[in-house]
Structure formats: structure tokens, C-alpha cells
Amino acid sequence: MAIIDSADGKTLRKYSIDELKEQAALMRGYSLTALCAAGSGHAGGTLSIMDVAAALYLRCAEHDPRNPDWKMRDRLIWSAGHKAPALYTGLAFSGYFDKEDMMTLRKLGSPFQGHPHRLKLPGVEVSTGSLGQGLSIAVGVALAQKMEGIPAKTFCIMGDGEQQEGQIWEAAMEAAHYKLDNLIGIIDQNQLQIDGPVADVMNIDPLDEKYRSFGWHVLRVNGHDMEEIVETLECVKQEPAGRPTMLICYTIKGKGVSFMENQPGWHGRAPNIQELEKALAELHLDGKLPVAELLATAKTFQDKVETRLEEKMPKFSMGYWWNSASSMKVDMRPTRAGFGEALRAAGDDPRVCCLGLDISGSITINEFYANNPERKKRWLSMGIAEQSATSVAAGLAREGKLPVFGTYATFAAARNLDQIRTSVCYGNFNVMIAGAHGGISVGPDGATHQALEDCSAMMSLPNMTVVVPCDAVETRKATATLLLNHVGPKYIRFAREATPVVTTEDTPFVAGKANVLRLRRESGRMIDAFEHVLAEEYVSEDEDLTIIACGPMVPEAMRAAWILKNEFGYDTRVINMHTLKPLDEAAVVRAAGETGIIVTAEEHQIGALAWRVSGVITASKELYGKPVLTGAIGVQDRFGDSGAAWELMKEFVVSAEHIAAKARELMVVKRDAMPPQPLEEFALEEALATSN
């Protein structure tokens with residue numbers, strides 16, 4: 001059985017083995033076309049799991065596309081959320097939606113997020129993306145099915161690198177303990193992860209023996225032999241083993257496309273149009289997919305997205321977007337580059353050691369040893385295991401080392417928060433944590449990978465120092481300072497995308513001390529238009545307002561200052577608050593007292609910067625009796641979304657245009673504010689109003 005009419009229980013369609021092979025090839029083609037249209041995504045794992053996906057959705061799992069919430073359905077949980085295109089293709093080919101709808105993959109506003117989101121797309125059972133969590137969810141689902149007496153199965157699709165997460169093994173114990181014979185795990189063992197072969201990064205084998213020792217029934221399957229896949233799935237469905245079952249599927253990453261097969265670089269890549277054409281030819285799909293029409297669907301959707309975004313942007317007399325005007329040009333460079341440069345320079349210190357967490361090249365932590373192979377003995381590959389790596393770093397620090405570990409900010413500062421709190425901060429150990437790809441800069445990967453809460457979490461921990469540099473140059477300086485000169489726990493957060501370079505070698509950087517940036521003139525290059533001064537050395541010029549920003553919002557604040565000067569003649573004091581903890585309170589108090597308006601700007605849930613600044617203003621005795629207007633720009637209590645990083649700056653209303661609009665709003669309030677009425681007059685007017 002497979003696709004069911006839940007109203008009468010009849011099977012709507014049952015594919016033969018040959019038909020499944022044909023459908024799997026077509027599913028690969030549609031997935032690659034969607035990835036090409038998106039311009040990003042994970043081709044390698046999508047192709048390796050596709051034969052299993054075809055077998056599940058088109059024959060072996062029981063579900064009803066017209067009734068996605070049918071209570072008696074089998075549940076398919078994709079713990080390996082980055083293989084989302086395979087999930088979406090399985091749903092499309094089952095009839096949940098038209099195949100062409102998938103072409104909006106990873107675009108802003110699309111239900112086809114970079115990682116699955118259950119609230120946006122019927123047929124998606126759970127929202128996933130942070131590896132290692134799906135099997136625990138599947139245990140909960142299978143337990144509920146047992147409680148309700150539902151004779152259905154729960155399937156959980158995982159990757160092999162994912163087996164490095166400790167939570168997997170907690171769930172494995174639980175499933176065996178509760179004898180969940182309605183739970184079927186599926187591991188896509190393509191033997192590659194981002195940093196290379198799984199066996200080299202962090203060996204997980206022998207997987208079959210490990211799961212058997214945990215009490216599971218384990219079967220090995222050729223993940224590209226459709227007959228073997230179907231026979232095995234139908235067997236384990238019909239004959240429960242009295243315990244959970246794990247299918248370890250031997251597969252090939254990038255299966256079906258010669259230049260993708262067994263290539264780690266295709267883990268997180270999408271094909272361009274030339275590569276797509278070559279891939280479709282190798283899959284024998286020439287003329288079988290309406291490629292031009294599918295890509296046109298994607299373009300039409302994207303055009304609507306761009307129109308909508310432009311309509312919601314504040315309007316001024318001219319366009320000020322980055323490098324769109326004839327002046328104030330900037331160079332763009334990823335801030336993460338500065339992180340790698342600092343590690344490369346500091347690596348000769350024998351105390352420094354770096355811990356890799358599977359995205360080493362992406363966050364540039366591998367620069368520590370890239371050109372210095374003798375340092376490899378101080379390079380520790382920890383695999384996908386953030387919690388353990390955090391405590392390992394604490395142990396290294398205990399023995400006098402200077403450990404650095406990093407991954408996506410949401411995994412570096414959230415998944416392992418208890419370990420940071422107890423293992424690192426409580427003992428005040430000298431551990432450096434890099435929160436890479438912070439904020440919305442990771443773009444199309446979507447909400448599960450966009451850290452919008454990390455700074456608040458880190459700032460709440462005693463002993464922790466938090467630094468958010470504004471560009472690649474400042475990131476290099478901050479990394480070197482924190483690593484070699486600062487003692488204690490430290491968290492540095494930086495973006496993924498190329499952002500404007502607005503500082504130079506001569507720009508001052510002192511941890512814990514803010515900088516004041518002042519627009520001196522409009523220039524051909526923005527970097528020449530601003531003067532940078534340590535806040536404690538700055539002399540007030542009676543500016544109209546202050547913008548306090550951190551990280552990539554500093555260039556946005558600078559651009560906002562340009563807009564405000566050009567459009568309204570306002571002089572703006574921009575403060576680069578690169579150190580969020582400890583905050584430069586003196587700089588905040590002076591700016592509030594001298595300008596009367598404070599606008600904060602953060603690429604984060606409003607609060608990490610805004611509430612700290614507001615708290616300083618509220619508590620300052622120097623400001624008692626002085627009117628201070630405040631406004632906050634940041635993410636407004638929502639999760640992230642798939643979309644290009646610069647699109648998300650507009651969608652989340654955190655661009656310079658939005659900062660300038662907020663500043664203008666407060667300036668109007670300041671201008672129109674009436675002197676406070678004497679208390680007696682106010683009481684009299686209130687009494688008259690009541691009597692009338």
C-alpha cells in the first residue's frame with residue numbers, strides 16, 4: 001500500500017519497481033532544477049536519499065495527499081532537514097501540490113523553506129534543520145501512536161554525519177527501552193559530510209553494531225537498489241521485530257550525476273544552468289522536464305518578491321542602496337575572512353588550538369592550519385557535536401590551552417547553552433566561541449540556521465564577554481584581541497555574507513570601548529567620508545541624534561546618517577558598540593544627554609542592544625530630568641525566513657532606510673514637543689474636560 005484514499009481506505013496508486021526507478025530519476029531532475037532556480041541548497045544529500053524517498057512516498061508509506069492530517073497515516077520525519085528538496089519532491093510526486101510549485105524553493109515567502117517548516121507546507125510533519133533532533137521527535141510520535149492504538153509506522157530519515165550528535169544516542173536508548181516496534185529509522189550513509197569523509201571527521205562506525213548494542217533490529221540496505229529498498233521496507237512494516245528497526249542505507253552522495261558523486265563540495269552547492277543541463281542528460285531526462293517553464297515559474301515568483309519588498313521600503317528623494325549611487329561606494333568582504341586571518345596570524349602560539357565542527361571552511365576556522373600543516377596536531381575535528389565540543393574546550397582551557405571553536409551562531413550559542421553556562425562560564429575558563437553566520441546573513445537556509453537570539457543568550461551568562469564586530473577588518477582585530485589578550489569566556493559573532501568594509505588598520509579598536517563615527521563629507525568612498533574616534537575621546541558637536549549599532553548594522557547606521565544629512569540636514573552621531581558586554585555605558589549616557597535621541601540598530605531580536613542601552617539610560621542619574629527619546633531597529637519577535645540575505649534586510653525592516661525613517665519620526669516628535677504644562681494647569685484642564 002502507499003497513497004491512500006483515507007475516506008474509503010482504497011489504494012489510489014501502487015507503483016511497480018520499474019516505475020519507481022523512473023520516478024526516482026524524475027524526482028532527481030525536478031530537485032536539481034529547483035536547486036538551480038534557488039541558486040543555493042544541498043544537492044549531494046538530496047540525490048543520495050532520492051531512491052529511498054521515492055520508495056517511501058510512492059509505495060511503502062501510507063498517506064493521503066488530500067488529507068495530510070489523516071490520523072492513521074504513517075509519519076515521515078526528516079531529521080536531515082538539509083535534504084528538504086527530496087522531501088518536497090516526494091510530496092509533489094505524491095500529489096500534495098503541483099511539481100512546478102517547488103521552483104520557489106528557498107525564496108522569500110515560499111512554503112518551500114531551505115529547511116522544512118511544518119507550519120508553511122502541508123505534508124511536512126515537523127520543522128527540522130538542527131541535526132540530531134529528529135529521532136527524538138520520532139520517538140515521541142511513535143509513543144503517541146502506541147498510546148492511541150494507531151497501527152501506523154513512524155519513519156525517521158537521518159544522515160550519517162548526524163550520528164555524531166549525542167542526542168541521537170539518547171533517543172536510541174529511549175526507543176529500545178520502550179520497545180517501539182512502530183519506529184523505523186533510516187540512515188543515509190553516503191559517507192561524506194561538509195568537512196570530508198565521515199570516517200576522517202569523526203568516525204561513527206560500526207553503526208550496525210552500535211545500534212544493535214542499544215537494542216535495535218538493524219538491517220543494511222543498498223540505498224540505490226529499488227527492489228531491495230522496497231522489499232526491506234515492506235518486510236519491516238509487515239513483521240514488527242518487537243523493537244525499533246534501523247535501516248542503514250549505503251548510498252553515494254550526488255548519486256546519478258558523475259561530477260557530483262562522492263564529492264564533499266556538493267554537500268551545500270546547487271547546480272548552475274550549464275551544470276543542470278549536463279546533470280539532466282546524465283539522468284537520461286533530456287526533454288522529459290519542462291526546464292524553461294519551470295525556471296520561468298521561479299523568476300515570476302522572484303519578480304513579485306522584489307516588487308513587494310520595494311513597496312515596503314521607506315522612500316527618499318533618491319536611492320541610497322549599497323553601491324547604487326554615484327558616491328559613497330564600498331568594498332564588500334565577508335566578516336568571517338577576518339576571523340580566519342586572525343587565527344592564521346596567532347596560530348604560532350603553542351597554546352592556541354582550534355576545534356572544528358564540520359563547517360570549518362565555511363567559517364574560515366580552518367585557516368588556523370591551512371598553510372601551516374605543523375599545526376594540525378592542535379586541530380581537533382569534533383564532528384557535528386556542539387555540546388561535547390564545548391565541554392572539551394573547557395577541559396583544554398583548564399590545562400592552559402587557548403581553545404577556539406565555532407559553528408553557525410545558532411548552534412554555537414543555543415544548542416550548547418547549558419554546556420557554555422556550566423562547563424565554561426561557571427569555571428570562568430578561557431574559551432573563545434565563534435558564532436559564525438550570525439543573524440539573517442545565512443539567508444536561504446532559513447529560520448533553523450538564522451541566529452536571532454544568540455547575543456541575548458550569551459550576554460545573560462556571568463563572566464561572558466560578547467563582541468560583534470562590524471566588518472572583516474574589525475573582526476580580525478577583535479579575534480586577535482580576545483584570543484590573546486582577554487582572559488575568560490568570550491563570544492564573537494560575525495556574518496556569512498560579504499558586508500561593507502568601513503574600517504581601516506588605523507581605526508581604533510579597544511574591547512569594551514565604543515567608537516564614535518561622524519560623517520564629515522560626502523565622498524566617492526564611504527570609508528573616506530567618516531571619521532572614527534574612541535567614544536571616550538570624542539567632543540560633542542551638538543548633533544541632532546545618535547544611532548547606536550553593532551555588527552553589520554554599523555555600516556547601515558553610517559548609510560542612515562548619510563540619508564539623514566542629505567534629506568533633512570540632520571547631523572548624526574553614530575556609535576559602533578562592537579562590545580555588547582561589557583557595554584560602554586559612558587558612551588551611551590553622554591550620547592543620550594548631548595543629543596536627546598537614541599536609535600539602536602541590531603541584526604537580532606530587538607533587545608540584546610536596545611534593552612541594554614535603554615537600561616543604562618533609565619538607570620543613569622546624570623539623565624534624570626532630561627528628555628531622551630529612544631527607538632529600536634531589529635527583528636521584531638519572529639523567526640527567520642528563507643530568502644537572500646539582502647532581501648531579508650528589507651523584509652525584516654532593518655536596513656539603513658528603516659533606521660533613517662525611525663530617526664526622522666523621533667526628530668519630528670522632538671521638534672513638535674510642547675514644554676511640559678505646570679501641574680496646576682493640567683489638573684484644571686482635566687477637571688474642565690470631565691465636567692463637560
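Note that this is a predicted model, so its numbers are computed, not measured.

Caption draft 1: Representation of the sheet that holds strand β20 (residues 545–549) in the model. Strand order across the open sheet formed by six strands is β19-β18-β21-β20-β23-β24, with mixed pairing between neighbours. The sheet is open, and its two borders are formed by β19 (530–534) and β24 (629–635), each paired with just one other strand. Averaged over all adjacent pairs, the angle separating strand axes in this sheet is 20 degrees, with direction ignored.

Caption draft 2: The side chain of Asp-358, seen in detail. For Asp-358, the position within the fold is in the loop between β11 (352–356) and α13 (360–363). Despite its burial, Asp-358 remains without a salt bridge, the nearest opposite charge being carried by Lys-253 at 7.8 Å. Within polar-contact distance, the side chain of Asp-358 engages the side chain of Gln-193 at 2.9 Å. Here the side chain of Asp-358 touches Ile-194 through a polar contact of 3.3 Å, landing on its backbone nitrogen. Those residues in contact with Asp-358 that lie beyond four places of it in its chain are Gln-193, Ile-194, Asp-195, Val-201, Gly-383 and Ile-384.

Caption draft 3: Quick peek at helix α16 (residues 417–425). The complete set of buried residues in α16 reads Gln-419, Ile-420, Val-424 and Cys-425. Relative to the axis of α16, the buried residues are bounded by an arc of 145 degrees and lie together on one face. Looking at the buried positions of α16, the neighbouring elements they touch are α14 (386–398), α15 (409–412), β14 (432–436) and α17 (454–459).

Caption draft 4: Representation of the pairing of strand β2 (residues 10–13) in the model. As paired strands, strand β1 (residues 3–5) and β2 are joined by three bridges and run antiparallel to one another. Looking at β2, one finds that Asp-5 is bridged to Lys-10. Hairpin connection between β1 and β2: a loop of four residues separates the two successive antiparallel strands, and Gly-9 in this loop has a positive phi of roughly 80 degrees.

Caption draft 5: Broad picture of the nonpolar core. Membership of the largest hydrophobic core comes to 70 residues, with the highest contact counts inside it found for Leu-32, Leu-56, Trp-78, Tyr-88, Ile-186 and Leu-233. Looking at this core element by element, the count peaks at 11 residues for helix α1 (residues 17–38). Aside from chain neighbours lying at most four places away, what touches Tyr-88 is Phe-97, Met-102, Leu-105, Pro-111, Phe-112, Gln-113, His-115, Pro-116, Leu-121 and Val-124. If you look at the next biggest cluster of nonpolar residues, it comprises 50 residues, including Leu-355, Ala-409, Leu-580 and Ala-587.

Caption draft 6: Quick peek at the pattern of salt bridges. Applying the stated criterion across every chain yields a total of 47 salt bridges. The partner of Lys-146 in a salt bridge is Asp-181, and the shortest N-O contact between them spans 2.5 Å. With Lys-146 in helix α5 (residues 134–148) and Asp-181 in the loop between α6 (166–177) and β5 (183–189), this pair connects stretches of sequence that are 35 residues apart. Between Glu-651 and Lys-312 there is a salt bridge; the shortest N-O distance is 3.5 Å. You can see Glu-651 sitting in helix α23 (residues 645–651) and its partner Lys-312 sitting in helix α11 (residues 291–312), a full 339 residues away along the chain.

Here is what the cut-offs are and how they apply
- Residues numbered from 1 in each chain as written.
- Predicted model: local features only at pLDDT ≥ 70, side-chain atom pairs only at ≥ 80, totals over all residues.
- Heavy atoms only, no water.
- Pairing = 2+ DSSP bridges.
- Helix = DSSP H or I, 4+ residues; strand = E, 2+ residues; numbered from the N terminus.
- Axes fitted to C-alpha atoms, helices over the stretch in contact; angles between N-to-C directions.
- Buried < 20%, exposed > 50% of the residue type's maximum accessible area, 1.4 Å probe, protein only.
- Lys, Arg positive; Asp, Glu negative; His and termini not counted.
- Salt bridge = Lys/Arg side-chain N within 4 Å of Asp/Glu carboxyl O.
- Polar contact = N/O pair within 3.5 Å; in protein donor to acceptor, adjacent residues only side chain to side chain.
- Contact = heavy atoms within 4.5 Å.
- Arc of directions from axis to C-beta.
- Core = buried A, V, L, I, M, F, W, Y, C linked by side-chain atoms within 4.5 Å.

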